[in-house]
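Coordinate analysis (summary)
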Amino acid sequence: MGENARVTADSASSNRAGDYQDLVDEISELLGAPATLENRDFELIAFGAYDSEGELDASALDPVRTRSILTRRSTAAVRAWFEGFGITRATGPVRIPPTPEAGVNRGRICLPVRHRGVVLGYVWLLADDPGPAERQLAAAMEVTVRIGALLADEAQHGADLTRELRAVLTAEPGWQRDAAIAELRTALGSRADAPHTMVCVAPWPSADPEDAPSVRTIPGATALCTVPWGTRGHCLALLVRLRSADLLTPATTAAGRLLERAGAGAGAGNGSSGGAVSAKGPVAGVAGARPGLGELGAVWREASGAARAALAEPRFGPVAEWASIGPYRLLTALPPEAAHDPAIDPLLSPTHHELARTAEIYLDCGGQAGRTAAELGIHRQTLYYRLSRVEQLTGLDLDDGEDRLLLHMALKGARL
């Protein structure tokens with residue numbers, strides 16, 4: 001038994017790239033029923049949508065399941081109700097009948113996820129009688145063994161690396177940061193050699209570690225922590241392990257989930273062109289991928305810079321990738337005071353807001369008067385008058401390429 005568990009754990013360790021989502025999808029396919037995976041605290045880790053057409057059937061949802069998916073956790077009352085069926089002690093499938101008055105409109109089958117006798121989580125299936133056959137459930141229980149080994153392996157190797165990650169992000173560049181990275185690398189073991197990237201969610205609603213999500217509820221997540229975020233309070237930093245340095249999908253998916261948790265909605269969006277006001281609510285920045293952890297300081301600067309750009313330009317967000325933020329890659333790398341130029345000070349006063357917006361959109365449009373006038377919805381003569389006022393106030397010549405570059409970058413920098 002001990003040897004089998006060790007072999008299973010080694011197998012799960014070598015196949016971490018499959019992670020929880022793939023295992024839940026495997027169970028859904030085996031049983032022909034929607035499945036969800038929760039940890040022992042009833043926090044959602046992954047869910048599979050399945051029906052005969054391969055799409056989620058709205059009839060598969062009931063209030064309890066809907067809330068679990070949308071909020072990624074269950075209430076204490078729901079948890080106590082389900083635990084009343086003995087799921088914490090069970091070693092095999094537990095059938096739970098529908099109870100509409102409790103918000104459970106469809107029957108459940110609970111597959112306890114255990115490792116060496118300890119329950120680490122639960123796989124839930126929506127299944128009406130007669131439900132899956134016993135041989136199907138037996139096959140699904142074999143998959144839960146792999147899930148349990150993966151959960152146990154993460155716990156053993158420091159799934160909660162909050163202290164180590166925060167030390168890396170707050171250390172001074174140089175030997176202090178190198179030492180912090182070395183400690184994090186030691187804690188991760190062989191996992192440290194995989195491609196990684198970082199996600200920055202800012203601002204994060206709370207600095208209290210108790211309010212941060214469990215790292216196990218975010219597929220691909222290696223560690224997370226909160227760190228100071230300028231005058232905005234705090235941000236959430238997430239270290240994400242990637243299957244390939246060419247594919248950031250795990251990081252953007254994780255960013256979307258964290259935005260849901262922060263109450264901001266998920267997914268990348270496309271807003272209007274230049275001149276938009278600051279984004280409302282938290283946003284997320286995703287850095288480029290790197291092999292291993294050696295460049296973690298640079299990766300964090302990219303993630304936080306992408307988040308700053310998304311706050312300044314809603315068209316980048318709510319999930320902004322570093323590779324897609326254009327000139328903000330340079331601007332966010334500069335100290336705040338370095339991105340400012342006194343020439344544009346007059347344009348930053350409230351009375352000249354429309355002139356600043358006009359100048360920025362004109363430069364965004366490559367100096368094309370027709371496009372700019374159409375974007376602003378004004379006559380060309382009005383545009384020319386505003387641009388002449390910009391030149392008078394700033395002392396810059398908009399026919400000069402360097403003056404135009406200075407004005408453009410200074411206006412972008414002012415957003416940050």
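Residues numbered from 1 in each chain as written. Predicted model: local features only at pLDDT ≥ 70, side-chain atom pairs only at ≥ 80, totals over all residues. Heavy atoms only, no water.

As a general feature of sheets, a regular strand has side chains that alternate between the two faces. Most of strand E6 (residues 195-204) sits inside the fold, with eight of its 10 residues counted as buried. Both E6 and strand E10 (residues 290-291) contribute to a ladder of two bridges, which runs antiparallel. Bridging across to E10, His196 finds its partner in Arg290. In this structure, E6 lies alongside strand E8 (residues 233-241), joined through seven bridges in antiparallel fashion. When the sheet's bridge partners are listed, Val201 is paired in E8 with Leu236. Bridging between E6 and strand E9 (residues 283-286) involves four bridges; their strand directions are antiparallel. Paired with Val201 across the bridge in E9 is Ala284. (Buried < 20%, exposed > 50% of the residue type's maximum accessible area, 1.4 Å probe, protein only. Helix = DSSP H or I, 4+ residues; strand = E, 2+ residues; numbered from the N terminus. Pairing = 2+ DSSP bridges.)

This brings us to the packing of helix H11 (residues 353-364) against helix H12 (residues 369-376). The N-to-C vectors of H11 and H12 enclose an angle of 130°; their axes lie 9 Å apart at closest approach. Comparing their axes, H12 and H11 come out oblique. Read as a crossing pair, H11 and H12 show a hand that is right-handed. Along its contact with H11, which presents Arg357, Thr358, Ile361 and Tyr362, the element H12 presents Ala369, Thr372, Glu375 and Leu376. Residues of the contact of H11 with H12, tallied by class, amount to four nonpolar, two polar and two charged. (Axes fitted to C-alpha atoms, helices over the stretch in contact; angles between N-to-C directions. Parallel < 35°, antiparallel > 145°, perpendicular 65-115°, else oblique. Left-handed = near helix turned anticlockwise from the far one by under 90°. Contact = heavy atoms within 4.5 Å. Nonpolar A, V, L, I, M, F, W, Y, C, P; charged D, E, K, R; others polar.)

Within the secondary structure layout, Pro34 lies in the loop between helix H2 (19-31) and strand E1 (35-39). On the basis of relative accessibility, which here comes to 7%, the residue Pro34 falls in the buried class. For the pair Pro34 and Trp124, spaced 90 residues apart in sequence, the C-alpha to C-alpha distance is 8.2 Å.

Moving on: the pattern of salt bridges. Summed over all chains, the structure comprises 15 salt bridges. One salt bridge in this structure joins Glu26 and Arg146, with 3.1 Å as the shortest N-O distance. Taken together, the positions of Glu26 in helix H2 and Arg146 in helix H5 (residues 134-156) put the pair 120 residues apart, joining distant regions of the chain. Glu26 sits in the partly exposed class, given a relative accessible area of 31%. Its salt-bridge partner being Arg290, residue Glu302 comes within 2.7 Å of it at the nearest N-O pair. With Glu302 in helix H9 (residues 296-312) and Arg290 in strand E10, the pair connects residues that are 12 residues apart, well separated along the chain. In this structure, a network of salt bridges that share partners links the residues Glu313, Arg315, Glu360, Asp364 and Lys412. (Salt bridge = Lys/Arg side-chain N within 4 Å of Asp/Glu carboxyl O.)

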